[in-house]
Amino acid sequence: MKYIYKLVLILLVSSVFTACKKTLDVEPQQTIDAGTALQNDQDVNSLVVGGYSILGGGSLYGTNLLMLPDLIGGDGTATWRGTFQSPRQITNKTMTRNNADANLTWTAAYNAINTANIVLNSLGIVKDPDLKTQLEGEALFIRGIMHFELVRLYGLPWGATAGNTQLGVAIKTKPTNTEAEAFEKVPRNTVKEVYDLVIADLTRAVTLLPEENEKRASKYAALAFLSRVYLQQGNYAGALATSNEVIESGLFKLNASVSAVFSNKNTAESIWEIQQNEQNNAGTSNNGMATFYASLPGIGRADVRITASFVSNNYPVGDLRRTEWYYIGTGARPGNTYTSKWKSFSQNLPIIRIAEMYLTRAESNLVLNSAIGATPGEDLAQIKNSIRTNSTAPAVPTLTDVRNERLIELAFEGQRIHNLKRLQQPTGSFPWNDDKLVFPIPQREIDATSGVLVQNPGY
Amino acid sequence: MRKLKPLFLGIFLLSCQLLWSQTKTISGKATDSKDGTPLPGVSVLVKGTASGTVTGSDGTFTLAVPEKATALIFSYLGYSSKEVAISGSLVNASMEVSQTKSLDEVVVVGYGTRIKKDVTSSISRVTSKEFNNLPLPSFEQALQGRASGVFINGGSGKLGQGLKIRVRGISSISADQQPFVVIDGVPIVSQSLGSNTEPDNPLATINPDDIESIEVLKDAASSAIYGSRASNGVLLVTTKSGKLGKSKVNAGFYTGWSKPTRKADFLNAAQYRELFSVAAENVGYVGADEFAAETGTDDWNSTNDVNWADQAFQDGYVRQYNAGLTGGDARTKFLISASYNDQKGIVLANRLNRGTARINIDHTLNSIFKIGTNISLNKTNNYSVPGDNAFSNPLQLNAIPPLHALRDADGLYNSATLYYNNLIEREGNNETLNKTFRTISNAYVEAIINPYLRFRSQVGIDWNNLQEFQFLGRRTLDGAPDGYSYSNQVTASVFTATNTLSFNKGFGSDHDLDALIGTEYQKGQSSGASVTGLAFPSDRFTKIASAAIISDGSSSETQFRFLSYFARANYKFKDKYLLGASYRIDGSSRFGEDNKYGSFPAFSAGWILSEESFLKNSDVLSFLKIRSSYGVTGNAEIGNFGSRSLYAASAYADVSGLVTSQIGDEKLKWENTKQFDIGLDFGFLNNRISGEIDFFSKKTKNLLLNIPVPATNGYTSITKNIGDMNNKGVEFVLNGTIFQGDFVWTSSFNISTYKNEVTRLVAPVSPGSRTLGRLAVGAPYGQFYGRQYLGVDPDNGDALYLGSDGKPTNNYVAAVDTIVGNPNPDFYGGWNNRFSYKGFDLDIQCQFVSGGDLYNIAGFFQSVNGDYFDNQTTDQMNYWKNPGDITSIPQPRLYDGNGAGKSSRWVQDGSYFRVKSVNLGYNLTKKMLRPLKMESARIYVSANNLLTFTDYTGYDPEVNTQYIGNVNLGHDFYTPPQARTITIGINIGL
């Protein structure tokens, strides 16, 4: 009997003192290990979708890239009335090195760039050749436009020095996969170098992207961005060729109603939109375009107030845009003027519209004294006509007519400071190349790189 | 690791050879020294072994002992244990009731027990008789003021809220700072599980009356056996067990009433009008006009005079019913108990009720095997209070001007107030209810292989299910416009399997060896699912089934595992030289690939000087032991996947994508603490006076910190083991029996200190926009850092701050940040007195904290000389009026920010002395009991938080608002005070 106990005991003891190393291998459930995250076509495709989700965040196109250029260049058009310090500093051109939005936008843009670089580095996994081409194009598109947005905000404008040797932003074309890579200190490149990379990325993206790409960036989204880049450089020939190609594709046309593009999703007028819905959007309380711009019952903080005289002086009485795009607030801070371009949390955000292409082609043709695609008068009439705006455009517009029309048509879509800079016009008392119109490099970045990243003048 | 296994097995097999040796039989009887009545259930152990028995109902026992056995040790709860030498076959013991904490009492240590006299480490012990029948919100509160070296801050008077328990200072920055909690050998879930901003306390689900003792393992020698979980100390909780003898029924009931320990004084309507008229006038405005503009009401001209601050409170109550049955025979002992406790808090809508049931059974199968199980079932309903920073926090009502009416013309709570009138949430179906179902259970089998060797295998589980539900109707702030409903389910469990082989033997008369080896496997799992619904047909529909919009939903899961090997040996030579060593190896899924296993050794030594010939015969000194220890412990609460590089999902409108979420350090590991301890245990006058003194030094390295990396690489930080911190301190305990005889007075006093210093950081952690707490190298954890307020310029009423030139300035921006306080106490402790006379007994427990600055964040709103329309504390009426006025309240200037900047203006000394509990009872005499057919009966009245002495002017000096994170100790923000509770109760035994 006792020997049985003995045997049982020995078995018991030897079994419980045994364990194998695998016991400690536990995989997370809401996240997956980076080493095994990308295994097939779908995974890399998902990573590109993730890239779009970063672009749609409040730090990038979800809010900051659309709102901040209109605040820093907003003199005479709009004022920040909210309690948030960071947009207030941007509006007043009194940013500190620790400006929260300058920090957030920088961080998010490089997060998107890193995502694009991981995609470019993982194309070997993708088996479907068409998908592979498309994903490479999309990654280059994301990397290109992010470098473009960064260099416009964090460097002195194109043309500020003769060879554009002023410091732009750090060019990143390699992914970060290891701890050592995460500590790498990358210095700033010159503005010219960054623009060169942007043009190279977008030009190659144009050759790779499909003509139509559902709700994602197509060849024409890349071309449209390229026209923006060229226009920013004052390269009117480039801007003309690219904007013309977008228009000539015939895939896009202006809606009959000026408000349709801001209240319906993916209309014919849109070349590329950030997609949003009820659940997934840039935010409803501390972020999001409607959050800051709207003053409707239950919607919006009404933090960005439109200067009433800007509307009354620039949109003629009867022009539908005057009444369709502006209203007197009925929600927060009621009784003042607000724009109805941004009034729903779940509405898509148009980033680039065909109207801009007409305006770019018209301006370029005027400067170059040509009529490629159409005359400036014909292009302007696309924008301004009896049906769309209930107003008429001059048959033979001047350069000033076209440029003014651009300010009116694209108002509060994140273009103002960039337009002023390319036209070398001041905002308020700040000349176009003023140091205070350039965002500070976040102090944390200077600290984290031990000064390899150099601060902008004026901070 | 693999190399150790054969070693363990070898020891085991070798020991089996000793299985059957020669024995002799001994019998005897244990009796009470006072009246000679037989004591059943007394444990009888052969000295130097783990073998033994218990006395039967007539106090007698029979035991087979090895031929070489020299003595028997008798121990019994409430009595001093007694060693009797074996001479012949009859051994009787006359047991004495222990009056104070005895040196012979058995203390629970990791995976075993030890006689207090032989302990070479630092352990604080609190037993049930010290906290019986007190209306404790949760059991760990019993340690407050009773256990030296354990600093407890109740945080607030909210029921079911997490307490801060800090054993010997603060040993972490970003990992957990709470001690590791083990109940009957089962490590339990002690971190908040819920999603509320106010963290819930899983320990509140445990019935304090089920607990026999709580041991706090403080130094490395006692705690290192728990390896990577032990840096914050370990709480070993032991539940009551069955007793041999006739089955006994115990039943108890108490009921009580509670009120806030203190309410605050705010301005009445006349004072309010006066202050704000002046404040407006001083900046060229008219008070009435500004009030109308800001509130949208003309209440300035109303006759209302509402004391909004008092509206936050209600009269609370507490009641408890409990019943238990204990008993057993020579082979089976059992305890069955059940209780129901219902507490209504002093803050509106706050209520906690708890139902518990427990079965503890031990059964001796035969001469070798013993099995047993502890099963507990708990259900807790917690009607919780919102976080301090929520507009729905009832305490925030004190900001509403007294000029607003409480109710509107329709009799509903007035919604036209300056701030949200959260009394609206007391109307209709609004409810926040968190239900917890929990079991903490274990089962064990023990094999007594031979008198020296026993093997024990135990499995245990802590299984928690938390169901959170919240409904807010359409009139509430967060429920507008059409109602809000939230439902969340969390299941968290820890499964533990432990196997130990223990060896306990005396060699000759001089050598005693007590050794242990073991393995442990632990698996923790947590999963949750939540859903939010909006828009209901009316407030009578509260469940999400009736919601028009399902606005949010989520599910989640996470896991961790530990695999551990440990060993310990204690050697005693001639009953006076003590040596101890322990070693643990912990492997965890949380640790990085390159650091999967950590090892945690500890050593200790003790010398019982009073056993030496030169002291042995002293009449005064009865006991003196010097002991010291050194060892290494870890803190593994570093997050489950901190070492990994990870991808997460990110939704883009209707599709979901992948994004990088974290870059990891494959070397990431536990935080490491090396602790040195030296202590002295002493007893005088036959141990009538006894005590302990300990000095400790804890050096923590490899603190987990986020190191910033350049964002240009796509990440902003990486978590690495990089920071260092030190804690040093002294603990002193003195116990004494001041009177003996019919009138007994025993007293116990303890006092402790710790000095914390952060010695290495990546970058200082600066105070937030509202807070003062910071982390800086060379400074104590949470040091207050900010502008120093220097009072008021008598000439013009300007607020003054310390300027950069060392002189006062009225320019807040130009003033400099400086050290303005330290939230860590200088010292803290407790003083407990127990008096008994015939049937009466009186227990008075006091608790104190000295130093420990407090910062009232809400001062910026409520004590700011009428800067905005928040109602102000009455001291603000002493504002500066005329040139030459000497006051600390600046001239009121509406909207102007005179004295409104974050500064030491709202820093105060948080010292306090509190009569924590008083318990007066009467035990009915045997004569009175006989006709009632009762074994015992006790009636009592008790008071909790009876008196508080403090200079702090806020609600309660024992405060710690939870919403601003760990660094900001001692911050107050509309935080409710503790309750003063008076209870009466009865306990009977049948």
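Refer to the structure presented above.
What counts as what
Residues numbered from 1 in each chain as written. Chains lettered and ligands numbered in written order. Predicted model: local features only at pLDDT ≥ 70, side-chain atom pairs only at ≥ 80, totals over all residues. Helix = DSSP H or I, 4+ residues; strand = E, 2+ residues; numbered from the N terminus. Buried ≥ 20, exposed ≤ 12 C-beta atoms within 10 Å, placed from the backbone. Contact = placed C-beta atoms within 7 Å. Axes fitted to C-alpha atoms, helices over the stretch in contact; angles between N-to-C directions. Parallel < 35°, antiparallel > 145°, perpendicular 65-115°, else oblique. Left-handed = near helix turned anticlockwise from the far one by under 90°. Nonpolar A, V, L, I, M, F, W, Y, C, P; charged D, E, K, R; others polar. Core = buried A, V, L, I, M, F, W, Y, C linked by C-beta atoms within 7 Å. Pairing = 2+ DSSP bridges.

Next up on the list: the overall build of chain A. For chain A, the count of helices and strands is 20 helices and seven strands. Per-residue burial over chain A gives 51% buried out of 459 residues. Partitioning the intrachain contacts of chain A with sequence separation of at least 6 by distance along the chain shows that 67% fall at a separation of at least 24.

All names here are of chain A. At a closest axis distance of 8 Å, the pairing of helix H7 (residues 129-154) and helix H9 (residues 191-208) adopts a crossing angle of 155°. As the angle between them shows, H7 and H9 are arranged roughly antiparallel. Viewed along their axes, H7 and H9 form a crossing whose handedness is left-handed. Counting all contacts with H7, which are made through Thr133, Gln134, Glu136, Gly137, Leu140, Phe141, Arg143, Gly144, His147, Phe148 and Val151, the residues of H9 involved are Val191, Val194, Tyr195, Leu197, Val198, Asp201, Leu202, Arg204, Ala205 and Leu208. When grouped by side-chain class, the residues that make up the contact of H7 with H9 number 12 nonpolar, five polar and four charged.

So, about unusual backbone geometry. Look at the link from Ala480(B) to Pro481(B): it is a cis peptide, with omega at 0°. Inspection of the secondary structure assignment puts Pro481(B) in the loop between strand E23 (453-472) and strand E24 (484-507). The phi dihedral of Ser450(A) falls on the positive side, at around 50°, and the residue is not glycine. With respect to the helices and strands, Ser450(A) occurs in the segment after helix H20 (443-448). Judged by local crowding, Ser450(A) falls into the exposed class, with 9 C-beta atoms found within 10 Å. The phi dihedral of Ala653(B) falls on the positive side, at around 50°, and the residue is not glycine. Along the chain, Ala653(B) turns up in the loop between strand E30 (646-652) and strand E31 (655-662). Take Ala653(B): there are 22 C-beta atoms within 10 Å of it, and that puts it in the buried class.

Attention now moves to the nonpolar core. Membership of the largest hydrophobic core comes to 125 residues, with the highest contact counts inside it found for Ala112(A), Phe141(A), Ala221(A) and Ala222(A). Top element by residues in this core is H7(A). It accounts for 12 residues. In this structure Ala221(A) touches Phe141(A), Ile271(A), Trp272(A) and Ile352(A), once residues within four positions along its chain are discounted. If you look at the next biggest cluster of nonpolar residues, it comprises 118 residues, including Ala221(B), Phe266(B), Ala399(B) and Phe973(B).

Before going further, it helps to spend a moment on the interface of chain B and chain A. Contacts between the two partners involve 55 residues from chain B, matched on the other side by 56 residues from chain A. Taken together, the elements giving at least two residues each to the side of chain B that touches chain A come down to helix H1 (4-16), strand E22 (431-450), E23, strand E25 (511-534), strand E26 (549-573), strand E27 (577-588), E30 and E31 of chain B. Residues belonging to the side of chain B that touches chain A are distributed by class as follows: 29 nonpolar, 19 polar and seven charged. By the bridge criterion, three bridges tie strand E1 (residues 31-33) of chain A to E30(B) in an arrangement that is antiparallel. Across the sheet, Thr31(A) pairs through a bridge with Ala648(B), a residue of E30(B).

Now for the pairing of strand E17 (residues 245-260) of chain B. All names here are of chain B. Across 12 bridges, E17 lies against strand E18 (residues 316-328) in antiparallel orientation. Residue pairing in the sheet places Ser258 in a bridge with Gly316 of E18. Note that E17 and strand E50 (residues 979-989) share 11 bridges and pair antiparallel. Looking at E50, one finds that Thr255 is bridged to Ile984.

Turning next to the sheet that holds strand E3 (residues 52-54) of chain B. Residue and element names in this part refer to chain B. Overall, antiparallel pairing links the four strands, which are arranged E3-E2-E5-E6 in an open sheet. Edge positions in the sheet fall to E3 and strand E6 (82-85), since each of these pairs with one other strand and no more. Across the sheet, the mean angle from the axis of one strand to that of its neighbour is 20°, orientation sign disregarded. Bridge count for strand E2 (residues 43-46) against strand E5 (residues 71-75) is four bridges, and the pairing is antiparallel.

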